[in-house]
Amino acid sequence: MRVRPLRKEVDMRGLALDVVTREQRPDSFWCLLSPEERRKLADVGEVRPFTRQNTLIRAAATGSCVAVVLSGRVRVLGEDGERVVATRFAGDIIGEQAFLDNGVRSATVVAVTNVRALVLTGEQFDRVVAEHPGVLRLLGAVVSKRLRESDASLLERGGGAADKVRRFLVGRAAAGPVIHIGSQEELARELDISRSSVGRALAQLKRNNLVSVDRARISIRDLAELKRQIGL
C-alpha cells in the first residue's frame, strides 16, 4: 500500500488536513490538540485509507503504533473478535494502550465505514511528545475518560435494557451533553441488547423530555432526572 504524507493532502475545499473538520467531535483527542501539536503530528505521521470492514488493529498483535481517526468510524472489539467494546469516531485516537505500556494489543479495531487515519509509529509519537509534552497529558486524559466509560459499561450490563441505556447516557454525559452513538444498532451491540430495546428506551426518554435524538446523536436535556432514575 502506497502511503502519502498527510501534510501534502488537502480536502475538496483545498484545506490542509491537519485542521479540525466538522465531522470530528469537539471533545476528541484531535480537536483538543493545539494547532501546533496537530501540525507536528501531521508532519511526522502518514495517512492511510481503510475501507469498510478493514482491520486497523488486531488483538494479540505486537507493536506500539497509534492512529488518529481523521474521518469515518471504527468499532473496537474484544479479544474474541466479536464482542463490541466501544465505537470510535472521527478525531479519536486508537492504539494508545499498547503505546503506553508497550504490551500486546488487547482489542481488534475494525472500520465500520470508509476510514482515513493518521498513523504514527511509537518512535514517531515519542518524538512528538518530547517536543510537545501537552500531547502526553491529553493522551492521559483520554485514557482516564475511557476507564470511566468502561466502569460505566460494566454497570450498564447489570440491569434491564432501559436501565442500560440510561446508565450509558449518564456515563457518557461526563464529556458533554451531546453523545455520538454512530447508530442505534451500534449502541445495541455495545450494550448487548436488541435494537428494538434501544429504540423503545430512547422513545420513552424522548416522551419524558429527557433527551432529544437526531440520527447518530443524542442530546441530554435533563441529566439530573436521568441520574435520579438510576439511583445516582
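Residues numbered from 1 in each chain as written. Predicted model: local features only at pLDDT ≥ 70, side-chain atom pairs only at ≥ 80, totals over all residues. Heavy atoms only, no water.

Let us now look at the packing of aromatic side chains. Geometrically, a pair of aromatic rings is defined through the distance of the ring centres and the angle of the planes. Counted by the stated rule, this structure contains 1 aromatic pair. Ring centres of F99 and F125 lie 4.9 Å apart, and the angle between their planes is 80°; this geometry places the pair in the edge-to-face category. On the criterion of sequence distance, the pair formed by F99 in helix α3 (residues 96–101) and F125 in helix α4 (residues 122–131) is long-range, its members being 26 residues apart. Take F99: its relative accessible area is 12%, and that puts it in the buried class. (Phe/Tyr/Trp six-rings, centres within 6.5 Å; stacked < 30°, edge-to-face > 60°. Helix = DSSP H or I, 4+ residues; strand = E, 2+ residues; numbered from the N terminus. Buried < 20%, exposed > 50% of the residue type's maximum accessible area, 1.4 Å probe, protein only.)

Across the sheet, 3 strands lie side by side as β10-β12-β11; this open sheet has antiparallel pairing. Looking at strand neighbours, the two that pair on one side only are β10 (178–180) and β11 (211–214), the edges of this open sheet. Strand-to-strand twist across the sheet, computed as the mean angle between neighbouring axes with direction ignored, equals 20°. Across the sheet, helix α8 (residues 195–207) is in contact with β11 and β12 (217–220); its angle to β11 comes to roughly 125°. (Pairing = 2+ DSSP bridges. Axes fitted to C-alpha atoms, helices over the stretch in contact; angles between N-to-C directions. Contact = heavy atoms within 4.5 Å.)

What follows concerns the confidence of the model for the protein. With 87% of its residues at a pLDDT of at least 70, the protein reaches an overall mean of 83. In the predicted structure, residues 1–16 sits below a pLDDT of 50 and forms 25 contacts with residues beyond four places in sequence or in another chain. Here residues 154–158 scores under 50 on pLDDT; set against residues more than four positions off or in separate chains, the count is 12 contacts. (pLDDT = per-residue confidence, 0-100.)

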